[in-house]
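# Structural features, examined
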Amino acid sequence: MDHLFAEHATRKPEVDRQRWDACAFVAALEAAVLALGEHAASLDALNVFPVADRDTGTNLLLTAQAALRAARAASDTGLAAVTCSAAHGALRAAHGNSGVILSQFFRAWAEVAAQREYLDTAALSAGFARADTLARQALLQPVEGTMITVLRAAAEAAQEAEAAGLPLAELLAHVRDAALAAVARTPELLPILRQQGVVDAGAQGLAVFLDAWAAAARGERPTLVPMRMPPPPTHSGAADPHGYCFNALLRVPSHRRNELLQTLASYGESIELVGDDALLRVHLHTQQPDLVIECLRAYGRLDSLAVERLSADGPETIIAEPRQSALLVFSPAPTIRAWARRSGALALAPSPTLTEPARLAARLATLPVDRLLVLPARQEDAAVAREAARQLERPRLVVLPTHSLAAQLTALLVYEPGHEDHAEEKLLDLLGRLRTVEIDQEGTPEAPRWIARSGTWQAIHATPEEALLAGLAHLHVQEAELCTLVIGEAIGDVTGLHRAIRDQWPHLEIELFWGHQPAPALSMALE
């Protein structure tokens, strides 16, 4: 067995696959994140409903990664704390329809595990039933042929399996099979899917997650492989992205939430409200973001706000109100840009126009911001930003020394929206402690070379695993606690990379992040 769950079972022999404790839950969540990372790009391409903004896979991946990150931080405190932390992490990171529904999936497990030390088949059945209920409650107008259809099928399958006395692994396999059958039915339930010749992207993503759980319970690899990329949706069927995607965290009294839901119905569509006792996640598509902000402020206090202009070319962050400070992320990694937007930051991809300081300065001069903290991923982007800063009176640019994707991501993960005034000192301290290596693929497909580089040091190897290990050794990995890896398009299956690190340095915590960047193939940071 070469799956992550098998690794955890080997290192902790007391793990019982007939019931999941905190360790097993985290291992299963790791397996699901790995699967979503491999499928995210194909899920994005599959996305046509409710609008063809091609971000469903990214939304699911980032939500699940946030849940995993929070669960790991609580992994020594028991199942209840782990599932509660995962639910809270997912709620704060949830974005888009799919991310919000997935956050309810995690909330269900937190509720079911609140008084438990482990999840057995009865608890799993209860968890799937609760996830089905919560997901439907989150939607103002539930639509079949989407993730909620798969959750209903999963809940019914779990109840059938429990009633039949099936063991945990077989219960999850039964749930997985029911989920796949439900995904296959989505075009029958949603005309736009039938017109485009695709299944629902969110439904497929949830099936990927459940397939990973079923495989984890057996200590095996998932059975699903990424779907072949479909062509872009035709205008005859798919709705063109238009308007704005609005995501906010709001502190509002629980007795006013139903009233808020009805009020928001007059401002847009695809409305979802989910939350816990402290926070409410608000998502909707709207043509009137300014009015939505006014509405939310009348009900409570905004903790975070992200407004994106929907476009067939991908979302673009809008600064809806004047700010003293904001964060600007230059990155070739689409998923890092997506995470930046979810954090309320601006995100720009490298382009010919942005390599000219004058054009960059002209673009930034239109922003209602006094000061911009800039996180570049490459030396050349940092140079362009510094030259643009010389040409700008407002906003004032502060270019931080992030010269790798892994350093950029690590800085972004500790960034707190609304606390930019103190962010510079905190980020500089973090960046000063990071050690980074980037790995590029060169040569031919028949004879590839993998080149690890850090400053003036470099090493050439025949496989990415060898280059990765050489890079980690160069960085004195035995002194580190956390390894962050940003995965590029040149890397397929990451299981070998993960296992190579575990075999050499089992003490090291590994954070995998699928950047989907063209280059470098891998970027790593140690801290």
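Throughout what follows, the structure given in this document is the object of discussion. (Residues numbered from 1 in each chain as written. Predicted model: local features only at pLDDT ≥ 70, side-chain atom pairs only at ≥ 80, totals over all residues. Heavy atoms only, no water.)

Below, the discussion takes up the overall build of the protein chain. Tallying secondary structure elements over the protein chain gives 19 helices and 15 strands in all. Each of the 527 residues in the protein chain was classed as buried or not, and the buried ones make up 58%. Taking the contacts inside the protein chain whose residues are at least 6 apart along the sequence as the reference set, 72% of them involve residues at least 24 apart. Carbon and sulfur atoms make up 50% of the accessible area of the protein chain, which totals about 20,800 Å². (Helix = DSSP H or I, 4+ residues; strand = E, 2+ residues; numbered from the N terminus. Buried < 20%, exposed > 50% of the residue type's maximum accessible area, 1.4 Å probe, protein only. Contact = heavy atoms within 4.5 Å. Areas by Shrake-Rupley, 256 points an atom, 1.4 Å probe, with all protein chains shown as cover.)

In space, the four strands of this open sheet follow the order 7-6-8-9, with parallel pairing throughout. Here the strands that pair on one side only, and so sit at the sheet edges, are strand 7 (346-348) and strand 9 (396-399). The mean inter-strand angle of the sheet, taken between neighbouring strand axes irrespective of direction, is 25°. Relative to strand 7, strand 6 (residues 323-330) is paired through three bridges, and the arrangement is parallel. (Pairing = 2+ DSSP bridges. Axes fitted to C-alpha atoms, helices over the stretch in contact; angles between N-to-C directions.)

Now for the packing of aromatic side chains. The full count for this structure, using the stated rule, is 11 aromatic pairs. Look at Trp109 and Phe128: their rings are 5.2 Å apart centre to centre, the planes differ by 85°, and that puts the pair in the edge-to-face class. With a gap of 19 residues between them, Trp109 in helix 5 (residues 96-112) and Phe128 in helix 6 (residues 121-138) connect regions that are remote in the sequence. Like Trp109, the residue Phe128 is buried in the burial classification. Geometrically, the ring pair formed by Phe209 and Trp213 is tilted, given 5.3 Å between the ring centres and 55° between the ring planes. In this pair, Phe209 and Trp213 are both assigned in helix 10 (residues 201-218), four residues apart and thus about one turn of the helix distant. The pair Phe209 / Trp213 is uniform in exposure class, with both members buried. Each member of the aromatic cluster is reached from another via a ring pair, and the members are Trp20, Phe25, Phe105, Phe106, Trp109, Phe128, Phe209 and Trp213. Over the ring of Tyr118 we find Arg19, and its NZ or CZ is 3.9 Å from the ring centre. Seen from the ring of Trp339, Arg69 lies directly overhead, with NZ or CZ sitting 5.5 Å from the centre. (Phe/Tyr/Trp six-rings, centres within 6.5 Å; stacked < 30°, edge-to-face > 60°. Lys NZ or Arg CZ within 6 Å of the ring centre and 35° of its normal.)

Turning our attention to the packing of helix 18 (residues 464-474) against helix 19 (residues 495-504). With their axes 9 Å apart at the nearest point, helix 18 and helix 19 run at an angle of 40° to one another. Taken as axis vectors, helix 18 and helix 19 run oblique relative to one another. Viewed along their axes, helix 18 and helix 19 form a crossing whose handedness is right-handed. The segment helix 18 lies against helix 19, with Pro464, Glu465, Leu468, Leu469 and Leu472 engaging Gly496, Leu497, Ala500, Ile501 and Gln504. Here the contact of helix 18 with helix 19 is composed, by residue class, of seven nonpolar, two polar and one charged. (Parallel < 35°, antiparallel > 145°, perpendicular 65-115°, else oblique. Left-handed = near helix turned anticlockwise from the far one by under 90°. Nonpolar A, V, L, I, M, F, W, Y, C, P; charged D, E, K, R; others polar.)

The subject of this paragraph is the sheet that holds strand 14 (residues 509-514). The six strands lie next to each other as 12-11-10-15-13-14, forming an open sheet whose pairing is mixed. Two strands in the sheet have a free side with no partner beyond their single neighbour: strand 12 (457-461) and strand 14. Averaged over neighbouring strand pairs, the angle between their axes works out to 20° when direction is ignored. Sheet topology note: the strand 11 (residues 448-454)/strand 12 ladder contains five bridges and is antiparallel. Looking at strand 12, one finds that Ala452 is bridged to Ala459. Of the strands in this sheet, strand 10 (435-443), strand 11, strand 12, strand 13 (482-487) and strand 15 (522-526) are in contact with helix 18, which crosses strand 12 at around 155°. Here helix 19 sits on the sheet in contact with strand 13, strand 14 and strand 15, set at roughly 165° to strand 14.

Turning our attention to the nonpolar core. Membership of the largest hydrophobic core comes to 107 residues, with the highest contact counts inside it found for Trp20, Phe105, Leu119, Phe128, Leu172, Phe209 and Trp213. In terms of residues, this core owes the most to one element, helix 2 (residues 22-46), which gives 15 residues. Non-local contacts of Phe209, meaning those with residues more than four positions away in its chain, are made with Leu29, Ala32, Leu36, Leu102, Phe105 and Phe106. Counting 32 residues, the second largest nonpolar core, distinct from the first, contains Ala338, Leu409, Ala411 and Tyr415. (Core = buried A, V, L, I, M, F, W, Y, C linked by side-chain atoms within 4.5 Å.)

A few words on helix 8 (residues 168-189). In this model, helix 8 (22 residues) spans 31 Å end to end at C-alpha, consistent with the 32 Å of a helix rising 1.5 Å per residue. The sharpest bend along helix 8 reaches about 25° and sits at Val183, with the proline Pro187 one to four residues further on. (Expected span 1.5 Å × (residues − 1). Bend = angle between axes of the 7 residues up to and from the residue.)

Taken as a whole, this structure holds 20 salt bridges when the rule is applied. Across the pair Glu30 and Arg72 runs a salt bridge, and its minimum N-O distance is 3.0 Å. Here Glu30, found in helix 2, pairs with Arg72, found in helix 3 (residues 56-73); they are 42 residues apart in sequence, far enough to count as distant. The shortest N-O distance in the salt bridge between Arg176 and Asp177 comes to 2.8 Å. When its relative accessible area of 42% is taken as the criterion, Asp177 is described as partly exposed. (Salt bridge = Lys/Arg side-chain N within 4 Å of Asp/Glu carboxyl O.)

Another point: the side chain of Arg72. A relative accessible area of 16% places Arg72 in the buried class. At 3.0 Å, the side chain of Arg72 forms a polar contact with the side chain of Glu30. Of note is the side chain of Arg72, whose polar atom sits 2.8 Å from the backbone oxygen of Ile510. If near-sequence neighbours (up to four positions away) are discounted, Arg72 is found in contact with Val26, Glu30, Glu509, Ile510 and Glu511. (Polar contact = N/O pair within 3.5 Å; in protein donor to acceptor, adjacent residues only side chain to side chain.)

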